[in-house]
Amino acid sequence: MMTGKYDPILVTASLIIAVLASYTALEMAARVTASRSLAARLWLLGGSSAMGIGIWSMHFAGIFALPLPVAMGFDLGETFLSLLFAIAGSFVTLIVVSGPRLSRMRILWGALLMGAIVGGMHFMGLAAMGVTPPTQYSRPLLALSMLIGIVVSGAAFAITAKISRDSAHRHWLRAGAGVVMGLAIAGTHYTGMAAAQFPAGSVSRIVPGGITAGPLAFTTLGFAFLVLSAALSLALFDSRLESRTAILARSLALANEELQFLAMHDKHTKLPNRALLEDRLEQEMRNTRRDGQPFSVLYLDLDGFKQINDAYGHHDGDALLIEVAQRIRAAVRSRDTVARVAGDEFVLLIDTGVPSDAASCADKLISAIRQPVTVAGHLIRISASIGIAVYTGLESDGHDILKEAEAAMYHAKEMGRNGYCFFEKSMNEDARRYLELVQDLRFALERREFILHYQPACDVVDGRVTGAEALLRWRHPAHGLLSPDVFIPIAEKTGLIIPIGEWVLDEACRQISEWRNAGQPHWTISVNLSAVQFSHPGLRYSIEETLRRHSLEPRFLTLEITESTAMRDADASLRILQELRSMGVRISIDDFGTGYSSLLYLKRLPASELKIDRGFVRDLAYDQGDAAIITAIIALGQSLSLNIVAEGVETVGQRDFLMSLGCRSMQGYLMGRPMPSEMFTQPTLYGKEGLLAAPPAGSEAPGSAPAPTPSHENAPIVAPLSATEFASC
Ligand code: C2E
Ligand code: MG
Ligand code: MG
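Residues numbered from 1 in each chain as written. Chains lettered and ligands numbered in written order. Predicted model: local features only at pLDDT ≥ 70, side-chain atom pairs only at ≥ 80, totals over all residues. Heavy atoms only, no water.

> Help me get a handle on the overall build of the protein chain, residues and values and all.
Along the backbone of the protein chain there are 25 helices and 23 strands. Every one of the 729 residues in the protein chain was classed for burial, and the buried ones make up 50%. Look at the contacts in the protein chain between residues 6 or more apart in sequence, and 74% of them connect residues 24 or more apart. Surface accessibility of the protein chain: about 34,000 Å² in total, with carbon and sulfur atoms responsible for 60%. (Helix = DSSP H or I, 4+ residues; strand = E, 2+ residues; numbered from the N terminus. Buried < 20%, exposed > 50% of the residue type's maximum accessible area, 1.4 Å probe, protein only. Contact = heavy atoms within 4.5 Å. Areas by Shrake-Rupley, 256 points an atom, 1.4 Å probe, with all protein chains shown as cover.)

Written out as structure tokens, the structure reads:
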């Protein structure tokens, strides 16, 4: 028997080739699972080529590692055939073992195939040497060689089966499986070599014409290293690319989800928005028409939210809305829809068996919202008005249940807020008119529909007119002259109050300049500021510009803000008032007595004047309490050196009583109603020196028709909707 000694370098190189080939093949097989169609087929081809070349070159490197004392050669054709066999066999094996889930059965088949290929390749390689006499084999060693091939490659496939696609260590695990597989190939080969026995005097008959061992050893190893390294790099690069693409795709999907959510939800409360609500409403209506189960729409609007927002700022306003949204959500069932459709407006869709279900739900909501809430350190109490409309499925097509619920909500406001109302047909008309008015208000300024009326302010002791208060009127083309109580709340809600307020200021300053130039140099003008204007950052600039435009000294302009506006955010108000005062304009606290000012705060207010609310003056003769309040306000004003003006003086009795308390500045129908500018200076009303032409005589009985009043405002200002209807909006 011929024997030889293994070359350790070539053995190591053959082992490395086997491991490298196995790892490359496994990486490529993994790409087959990750890719689709053509790419998958190409990876399969690449993987089987890598594996085939690896097994083949391992075999030859292994043979060269055992130098036999005879010259060995190889048949070119058979050698090439053995390479094709290794590649084709690997192709079939990889088909069996690649795929999303590697079952035990497939592992078994893969291992059997692997054993057969490595073993087969071994015998084909030996056959290509054309050794004579024929090589003999030890059967037990041969069987062991096959067993090693099957069992160890089975282990490698089993490791592969455990590798998940998303695992961070998948490349390492696959490298481990590659090592095991490499051992399987090498084990099969070297045990197979041990099984082969070359009888003494064996020669390779191929030597003369075939390729000789020396060059083949280098060519094989170099070629195998090159191909395998390139293939492995490609597989790893693609795998990295795939991970990046997967990460990108995941973040894209997340961003997409977020965008979709935002398109359908309100970003503060995270509740569905109007778009999603309409979708759900459609669906509910379809369900009701199909199965006859009615549902209710609850339209909920917070009472006085705007004031809270103005007073505490948008940030706290938003926090309050989020709290309210949570309370609403908690008060209804999870399958009911709760949507936020506008600033402080929410809509609920709830399944209802009978209307009383909707009523008890509304009750629950009202009491949940009424509980005090602490927002940024302020204890706030807020209430809600709810309109309910029930959908039974019998209504005609195009029926707008949302509008009905909204109309019912306005009705609930009108009924005194903090309650609910079921929709009735007559409400639709009111709501329609309201929406029309909102629409018309947007164009009123450019259509020059606003005018100012002026109400005289008098010193009743000497009967002299001291100035005028500018009061805004809207000459509506269809509804006639509208009172500010009707449209100012809408203007505030829509933000139109800013341009409208600027127009009022400009027109009033223009008018007073004209009167002063025309011979009334002592008259002053009072302009009302709403809370929205008061806290608007452009206020100071707008006032300065207006005064400059009309060359009016600031002391002839009085800005009136209501006591409740001044009280809302005391510190912020104080800052704004000081700023205005430093400009030289006068500040008047309007409707005084209704806003619960603290005396301490009042002392710090840089005001020049307090106007006693006309509510106190009205019942002076009958209400002892009112008389006591007025007495206190006058005493207070005197001690703080403030001018006290009594508003709404209609009768001689009221005037005399106020005079007896030391109040001499008055405004009211008794002295003159608000009137257009051209009437204000008519000599029939006022004397040359601005005195009232017919000062009220002390002889007139209280309650009688007021003495000289311009007749044009005796006719009531046309208000198409009641004041409460709009005050509540
Ligand atoms: P206010 O500033 O307290 O104005 C006095 C209101 O009382 C005016 O109502 C006036 O017509 C009315 N009045 C005057 N004397 C008497 C009287 O003897 N008896 C009775 N019953 N009423 C009298 P008007 O013009 O309807 O204005 C209502 C409120 O609308 C004003 O209350 C003021 O707060 C607001 N307002 C008026 N013009 C403007 C404006 O240009 N801008 C802003 N932001 N608000 C305005
Ligand atoms: Mg006023
Ligand atoms: Mg007032």
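> Please provide a residue-by-residue account of the pairing of strand 8 (residues 337-342), values included.
Within strand 8, 5 of the 6 residues are buried, leaving the element largely enclosed by the surrounding structure. Linking strand 8 to strand 9 (residues 345-351), which pair antiparallel, is a turn of 2 residues. (Pairing = 2+ DSSP bridges.)

> Explain the coordination of the magnesium ion (ligand 2) to me, using residue names and the numbers behind them.
Only Glu469 (OE), Asn528 (OD1), Glu560 (OE) and Asp590 (OD) from the protein reach the magnesium ion (ligand 2) as donors, at distances of 2.0 to 2.2 Å. Taken in sequence order, the residues that donate to the magnesium ion (ligand 2) follow the motif E-x58-N-x31-E-x29-D. Between the two metals, the magnesium ion (ligand 2) and the magnesium ion (ligand 3), the spacing is 4.1 Å, and Asp590 donates to both. Of the two residues, Glu469 sits in strand 15 (residues 464-476) while Asp590 sits in strand 19 (residues 586-592), which places them 121 residues apart along the sequence. By relative accessible area, Asp590 is classed as buried at 5%. (Donors = N, O, S within 2.8 Å, 3.2 Å for Na, K, Ca; no water.)

> A description of helix 13 (residues 426-444) should follow, citing residues and the corresponding values.
In this model helix 13 runs 28 Å from its N-terminal to its C-terminal C-alpha over 19 residues, within 8% of the 27 Å that 1.5 Å per residue would give. When we look at burial in helix 13, the residues that qualify are Met427, Ala431, Tyr434, Leu437, Val438, Leu441 and Ala444. Buried residues of helix 13, seen end-on, are gathered within an arc of 135° and therefore sit on one face of the element. (Expected span 1.5 Å × (residues − 1). Arc of directions from axis to C-beta.)

> Give me the lowdown on the sheet that holds strand 8, citing residues and values where you can.
The strand order across the open sheet built from 5 strands is 8-9-7-12-13, with neighbouring strands paired in mixed fashion. Of all the strands in the sheet, the pair left with one neighbour each is strand 8 and strand 13 (420-422). Direction aside, neighbouring strands of the sheet carry axes that sit 20° apart on average. When strand 12 (residues 383-391) meets strand 13, the two strands line up parallel, connected through 3 bridges. Residue pairing in the sheet places Gly387 in a bridge with Cys421 of strand 13. (Axes fitted to C-alpha atoms, helices over the stretch in contact; angles between N-to-C directions.)

> Please provide a residue-by-residue account of empty space enclosed by the protein, values included.
Taken as a whole, this structure holds 4 cavities of 30 Å³ or more when the rule is applied. By volume, the second largest cavity is sized at about 100 Å³. In this structure, the second largest cavity is lined by Ile497, Ile498, Gly501, Glu502, Leu505, Val527, Leu529, Gln533, His536, Gly538, Leu539 and Ser542. Those elements giving two or more residues to the lining of the second largest cavity turn out to be helix 15 (497-517) and helix 17 (539-549). The dominant element in the lining of the second largest cavity, judged by the number of residues it contributes, is helix 15, at 5 residues. (1 Å grid on protein atoms, 1.4 Å probe; cavity = no way out; pocket = protein on both sides within 12 Å on 5 of 7 lines; lining within 4 Å. Points joined across faces, edges and corners; volume = space filled by probe spheres on them.)

> Explain the packing of aromatic side chains residue by residue, including any values.
The tally for this structure, following the rule as stated, stands at 14 aromatic pairs. Look at Phe123 and Tyr137: their rings are 5.0 Å apart centre to centre, the planes differ by 75°, and that puts the pair in the edge-to-face class. Taken together, the residues Phe123 in helix 4 (residues 104-127) and Tyr137 in strand 3 (residues 136-137) connect sequence positions 14 residues apart. Between the aromatic rings of Phe450 and Phe487, the centroid separation amounts to 5.8 Å while the plane-to-plane angle is 40°, which identifies the pairing as tilted. One end of the pair, Phe450, is in strand 14 (residues 450-459); the other, Phe487, is in helix 14 (residues 484-494), with 37 residues separating them in the sequence. (Phe/Tyr/Trp six-rings, centres within 6.5 Å; stacked < 30°, edge-to-face > 60°.)

> Would you mind going over the packing of helix 10 (residues 314-331) against helix 11 (residues 355-370) in detail, with residue names and values included?
Orientation of helix 10 relative to helix 11, taken along the N-to-C sense of each, is 145°, at an axis distance of 9 Å. Note that helix 10 runs across helix 11; the crossing there is right-handed. Contacts from Val324, Arg327, Ile328 and Ala331 in helix 10 reach Lys364, Leu365, Ala368 and Ile369 in helix 11. Of the residues that constitute the contact of helix 10 with helix 11, the class distribution is 6 nonpolar, no polar and 2 charged. (Left-handed = near helix turned anticlockwise from the far one by under 90°. Nonpolar A, V, L, I, M, F, W, Y, C, P; charged D, E, K, R; others polar.)

> Any chance you could break down the packing of helix 5 (residues 139-162) against helix 6 (residues 170-195) for me, citing the residues and the numbers?
With their axes 8 Å apart at the nearest point, helix 5 and helix 6 run at an angle of 175° to one another. Between helix 5 and helix 6, the crossing angle belongs to the class labelled roughly antiparallel. Across the contact of helix 5 with helix 6, the residue classes tally to 17 nonpolar, 8 polar and no charged. (Parallel < 35°, antiparallel > 145°, perpendicular 65-115°, else oblique.)

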